[in-house]
Amino acid sequence: MKWPLYKLEDLTDKDRPITYGVVKPGDEDPDGVAFIRSGDINGGTINPASLRTITSEVSRQYRGTLIEGGEILVSLVGTPGQAAIVPQSLRGANIARQVALVRVDPSYSTRYIYYCLSSRKGKEALLAHSRGSVQQVINLGDLQRVEIPVPPLSDQIAIAHVLDRK
C-alpha cells in the first residue's frame, strides 16, 4: 500500500509553525521555568531530573514555545534527531534554541508522526542534510521538509497503538 507523502510542516498546526526556543537563556533561576535542552531528550523521553530553569522574564519573551503538553520535541544539535512527545507534567516549560517544537494538527496522530520521525527512515531523513564539521546540526528548514507517509487517521492511530506496546 502506498500512502501519500507530506512534508512535516504540512502536518502541523497552521497557526503555530515548527520553531525553536530560547536563544539566550541567561542564568539559572531555582524558582524559574523548567527549560528543555537537546541533551534532555533521549530514547523517546525527556528526563525531568536533568532540566535546568530560566527566569520567568526570559520565558515570557518566548511565549510561542511554552509547552502545553503533547507536542513533539526534536533535538537539532548534540544528539540530532532525538525526538519525544512532551508529557503533560511539563506543561509550562520552555525549550532551548537547540530544540524544535512540533505541534501536530489535530487531524493527524501525534504519536504516529512521532514514530515516523523516530524510525530508522525518519532519522535518516532528519540527518540527510545535517550540517557541521565537528557537531551535526539539523536545520529547521530541513526538518520542516522531512516527508512523512500519511495513511488515513484510523490507520495512523492503529499503527501508533501497536508501536506503543513495543
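Summarised in this report is the structure supplied together with it. Residue positions are given per chain, counting from 1 as you read along its sequence in written order. Local features in this predicted model are restricted to residues of pLDDT 70 or higher, and side-chain atom pairs are both shown and tallied only at a pLDDT of 80 or more, whereas totals for entire chains, interfaces and linings draw on every residue. By convention in this description, side-chain values take in all heavy atoms of the structure and omit both hydrogens and water.

Side note on the layout of surface pockets
With a 1 Å grid spanning the protein atoms alone, the term cavity applies to any set of points in which a 1.4 Å probe fits but cannot get out, the term pocket to an open set with protein on both sides within 12 Å along at least five of seven lines, and the term lining residue to any residue with an atom within 4 Å of a point. Grid points are joined across faces, edges and corners, and a volume is the space filled by probe spheres set on the points. Of the volumes computed, that of the largest pocket is approximately 210 Å³. For the largest pocket, the full set of lining residues is Leu5, Tyr115, Cys116, Ser119, Lys121, Gly122, Ala125, Glu147, Ile148 and Pro149. A run of H or I in DSSP becomes a helix once it reaches four residues, and a run of E becomes a strand once it reaches two; helices and strands are each numbered from the N terminus. Those elements that provide at least two residues to the lining of the largest pocket are α2 (110-118), α3 (120-127) and β11 (147-149).

A short note on α2
To sort residues, take the accessible area from a 1.4 Å probe on protein chains only and compare it with the maximum for the residue type: under 20% means buried, over 50% means exposed, and anything in between is partly exposed. For α2, a buried count of 7 out of 9 residues is recorded, marking the element as mostly surrounded by other parts of the structure. When checking whether two residues touch, look at their non-hydrogen atoms; a contact exists if any pair is within 4.5 Å. Where α2 is buried, its residues touch β7 (72-75), β8 (83-85), α3, β11 and α5 (153-164).

Describing the sheet that holds strand β6 (residues 52-54)
Two strands qualify as a pair provided that DSSP identifies no fewer than 2 bridges between them. Taken in spatial order, the 3 strands line up as β6-β3-β9 in an open sheet, and their pairing is mixed. Lying at the two open borders of the sheet, with one neighbouring strand each, are β6 and β9 (94-95). As defined by bridge partners, strand β3 (residues 33-36) adjoins β6 across 3 bridges and the pair is classed as antiparallel. In the sheet register, Phe35 faces β6, and the bridge partner there is Arg52.

Here's the deal with the nonpolar core
Joining through side-chain atoms within 4.5 Å is the link that ties buried Ala, Val, Leu, Ile, Met, Phe, Trp, Tyr and Cys residues into a set, and such a set is a nonpolar core. One finds Leu8, Ile72, Val74, Ile113, Leu117, Leu143 and Ile148 to be the most contacted residues of the largest nonpolar core, which totals 26 residues. Elements with a minimum of two residues in this core: β7, β8, β10 (99-102), α2 and α4 (140-144). Among the elements that take part in this core, α2 stands out by supplying 6 residues, more than any other. Listed in part, the 13 residues of the second largest apolar core include Ile41, Ile46, Ile95 and Val99.

Quick word on the pairing of β7
Here β7 shows no split at all, with Ile72 and Val74 on one side and Leu73 and Ser75 on the other all buried. Strand direction decides the pairing type here: β7 and β10, joined by 4 bridges, are antiparallel. Across the sheet, the residue bridging to Val74 is Ala100, located in β10.

Some remarks on the pairing of β3
Consecutive side chains along a regular strand alternate between the two faces of the sheet. Summarising the sheet, β3 and β9 pair through 2 bridges and their orientation is parallel. For Phe35, the partnering residue across the bridge sits in β9 and is Asn94.

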